[in-house]
Amino acid sequence: MAANPNARRFPEGFLWGAATAAHQIEGSPMADGAGPSIWTRFAHTPGMTVNGDTGDVACDHYNRWKDDVALMASLGLKAYRFSTSWSRILPDGTGRVNQKGLDFYSRLVDELLDKGIEPLLTLYHWDLPAALDDRGGWLNRDVADWFAEYGSVLYRALDGRVKKWVTLNEPWVVTDGGYLHGALAPGHRSKYETPIATHNLMRAHGAAVKAYREIGKHEIGLVVNIEPKYPNTQSPEDLAATKRAHAYMNEQYLDAALLGKYPPELKNEIFGDAWPEWADEDYALIKQKLDFIGINYYTRSVTQATDSYPLKAGAVRQKLGTYTETGWEVFPQGLTDLLVWAKDRYGNLPTYITENGAAFFDPAVAEEGRVRDPLRMGYLKKHLTAIRDAIDQGCDIRGYMVWSLLDNLEWSLGFSKRFGIVHVNYGTQERTPKDSARWYSKAIETHGASI
Ligand SMILES: N=[N+]=NCCCCNC(=O)[C@@H]1[C@H]2[C@H](O)[C@@H](O)[C@H](O)[C@@H](CO)[C@@H]12
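Please read all numbers here as calculations on a predicted model, not as lab measurements.

## Here's the deal with unusual backbone geometry
Next up, step 1: In this chain, alanine 185 is followed by proline 186 through a cis amide linkage whose omega measures 5°.
Next up, step 2: A cis amide bond, omega 10°, links tryptophan 403 with the succeeding residue serine 404.
Next up, step 3: Structurally, the position occupied by serine 404 is in the loop between strand 11 (397-403) and strand 12 (422-425).
Next up, step 4: Positive phi, close to 50°, is recorded for aspartate 60, a residue that is not glycine.
Next up, step 5: Mapping aspartate 60 onto the fold places it in the loop between helix 2 (38-43) and helix 3 (61-74).
Next up, step 6: Exposure remark for aspartate 60: the relative accessible area of 13% places this residue in the buried category.
Next up, step 7: For glutamate 170, which is not glycine, the phi torsion reads 55° and is therefore positive.
Next up, step 8: For glutamate 170, the position within the fold is in the loop between strand 4 (164-169) and helix 8 (171-180).

As structure tokens, this is what we get:
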């Protein structure tokens, strides 16, 4: 008997979409009165990105936005997650509003709505205004007020047309990459700055949510990356290392936002004297009611004790594992496991998978205009199935945004890694939907029954 096509459909109203970020696709970072961001500076600093790639052109979305929305509609997307460039809106980071910058996003939102595509707007996807970095950036406690001011400009302009807001994208990457290891802008390497940046990011998140409750009438949440940690052995050392890594990457930010405290491992086992004592009013600011959380999932980590600084934990490559071009193991079970973990720890908040995808080596566009990407199709199929398993286990998963709509600027890796379901020829800016895009369109059309 044919399998019941409805057996594994996704819940009614499940939001199927794709995600991008301003600096990774827009280009024209200084157009129409915009100010520089820390990524404008970082990428133009020799040696900071592969091949010296920058966001000066990227996918030229700043000029091609209307065609890109038409492309989204042609793929049948029901939602589009994007971020706004803080320094397009406020070139100095605070104060003067650049109306042309605001108008760009207002036109984009109107075009999305006109095509029946719901916008999900992320306020901060790593591109802090350079002017604010010059004033200490995430190390200056005033950044909470600066961020709330920026959010309020957008809330007043777009709330109602935008009904799902996100404050921060992946605060863990911002601090681990930008302040501890220095691989990402602003390129600092300090165990002492890292907790300060973390705490101010979370204070800024809280301040932006508080401001939204005064101005907005819809929903706001936080997006974190979660990478489930599995001990390499049951040795006490590996178990302790796994616990540290889990606290540092997975518990730290949602615990602060939802529970009003940080995991004890942060001070007791990782940062020690570099972990300041924070005032109670800070925790009260950070812990604001959220309408949803967004989880970005890419991979898991089989973890062992190492002498790495300061975590003393590291990943073990799996001999029988399948790995993506970014060296991440394909492990869909990790997505089911983390969703059940989050449900149990934080009380089954409405949850969106706000990013999931993979970089694989894609062939060039064939004569017949196809890009065959079977590995990406397999990745998406396995991870959507993992989400359905989590839903069957009671998780309140409301939607899925594939990362990414377009091949784009992969931060310090430049254009060397392609995550898109749509191929971008960076020389001609031609867009070509890959086989995975066609597959994803069918999944959307059948509410998941075709997966
Ligand atoms: N080891 N390891 N583990 C995986 C850790 C993943 C951390 N990086 C992300 O989540 C970034 C997120 C970002 O939002 C987007 O802007 C990036 O383009 C994608 C792809 O990189 C992902």
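After that view of the structure, there is still more to cover.
## Re the packing of aromatic side chains
Next up, step 1: Scanning the entire structure with this criterion turns up 34 aromatic pairs.
Next up, step 2: Centroid distance tyrosine 62 to phenylalanine 104: 4.6 Å. Interplanar angle 35°. Geometry classified as tilted. Placement of the pair is tyrosine 62 in helix 3 and phenylalanine 104 in helix 5 (residues 99-114), with a sequence separation of 42 residues.
Next up, step 3: The buried category is assigned to tyrosine 62, whose relative accessible area is 6%.
Next up, step 4: Note on phenylalanine 104: relative accessible area 0%, which makes it buried.
Next up, step 5: Chaining the aromatic ring pairs together yields one cluster made of Trp172, Tyr248, Tyr262, Phe271, Trp275 and Tyr283.
Next up, step 6: The side chain of arginine 300 reaches across the aromatic face of phenylalanine 331, ending 3.6 Å from its centre.
Next up, step 7: It is arginine 317 that lies over the ring of tyrosine 323; its NZ or CZ is 3.7 Å from the centre.

## Remarks on the sheet that holds strand 3 (residues 118-124)
Next up, step 1: An order of 1-2-3-4-5-7-10-11 is seen for the 8 strands of this closed barrel, with the pairing classed as parallel. With direction set aside, neighbouring strand axes in the sheet form an average angle of 25°.
Next up, step 2: Examined bridge by bridge, strand 10 (residues 351-356) and strand 11 share 4 bridges and lie parallel to one another. Bridging from a neighbouring strand, threonine 351 pairs with isoleucine 397 of strand 11.

## Details of the pattern of salt bridges
Next up, step 1: All told, the structure shown has 33 salt bridges when counted by the stated rule.
Next up, step 2: Note that glutamate 277 is salt-bridged to lysine 267, the shortest N-O span being 3.4 Å. Of this pair, glutamate 277 sits in the loop between helix 11 (265-271) and helix 12 (280-286) while lysine 267 is found in helix 11, placing the two residues 10 residues apart along the sequence.
Next up, step 3: The class for lysine 267 is partly exposed, based on a relative accessible area of 31%.
Next up, step 4: Two residues, aspartate 407 and arginine 418, come together in a salt bridge whose shortest N-O distance is 2.6 Å.

## Some thoughts on the sheet that holds strand 8 (residues 301-305)
Next up, step 1: Read across the sheet, 3 strands follow the order 6-8-9 without closing on themselves; strand pairing throughout is mixed. If you trace the sheet from one side to the other, it starts and ends with strand 6 (229-231) and strand 9 (313-315), each paired once. Ignoring which end each strand starts from, the neighbouring axes of this sheet average 45° apart.
Next up, step 2: Pairing analysis gives 3 bridges linking strand 8 to strand 9, with the strands arranged antiparallel. The residue bridging glutamine 304 from the neighbouring strand is glycine 314, located in strand 9.

## Section: the site of the ligand
Next up, step 1: Near the ligand there are 16 residues, and of these Gln24, Glu170, Glu227, Glu355 and Glu410 occur at the shortest range.
Next up, step 2: At 2.4 Å from a nitrogen atom of the ligand is found a side-chain nitrogen or oxygen belonging to glutamate 227.
Next up, step 3: Contact between the ligand and glutamate 410: an oxygen atom at 2.6 Å from a side-chain N or O atom of the residue.
Next up, step 4: In isolation the ligand exposes 510 Å². Once the protein is present, 85% of that is buried.
Next up, step 5: Class assignment of the residues belonging to the shell around the ligand gives a composition of 8 nonpolar, 4 polar and 4 charged.

Rules used throughout
- Residues numbered from 1 in each chain as written.
- Predicted model: local features only at pLDDT ≥ 70, side-chain atom pairs only at ≥ 80, totals over all residues.
- Heavy atoms only, no water.
- Helix = DSSP H or I, 4+ residues; strand = E, 2+ residues; numbered from the N terminus.
- Buried < 20%, exposed > 50% of the residue type's maximum accessible area, 1.4 Å probe, protein only.
- Phe/Tyr/Trp six-rings, centres within 6.5 Å; stacked < 30°, edge-to-face > 60°.
- Lys NZ or Arg CZ within 6 Å of the ring centre and 35° of its normal.
- Pairing = 2+ DSSP bridges.
- Axes fitted to C-alpha atoms, helices over the stretch in contact; angles between N-to-C directions.
- Salt bridge = Lys/Arg side-chain N within 4 Å of Asp/Glu carboxyl O.
- Near = heavy atom within 4 Å.
- Polar contact = N/O pair within 3.5 Å; in protein donor to acceptor, adjacent residues only side chain to side chain.
- Areas by Shrake-Rupley, 256 points an atom, 1.4 Å probe, with all protein chains shown as cover.
- Nonpolar A, V, L, I, M, F, W, Y, C, P; charged D, E, K, R; others polar.

So yeah, pure geometry; function would need other evidence.
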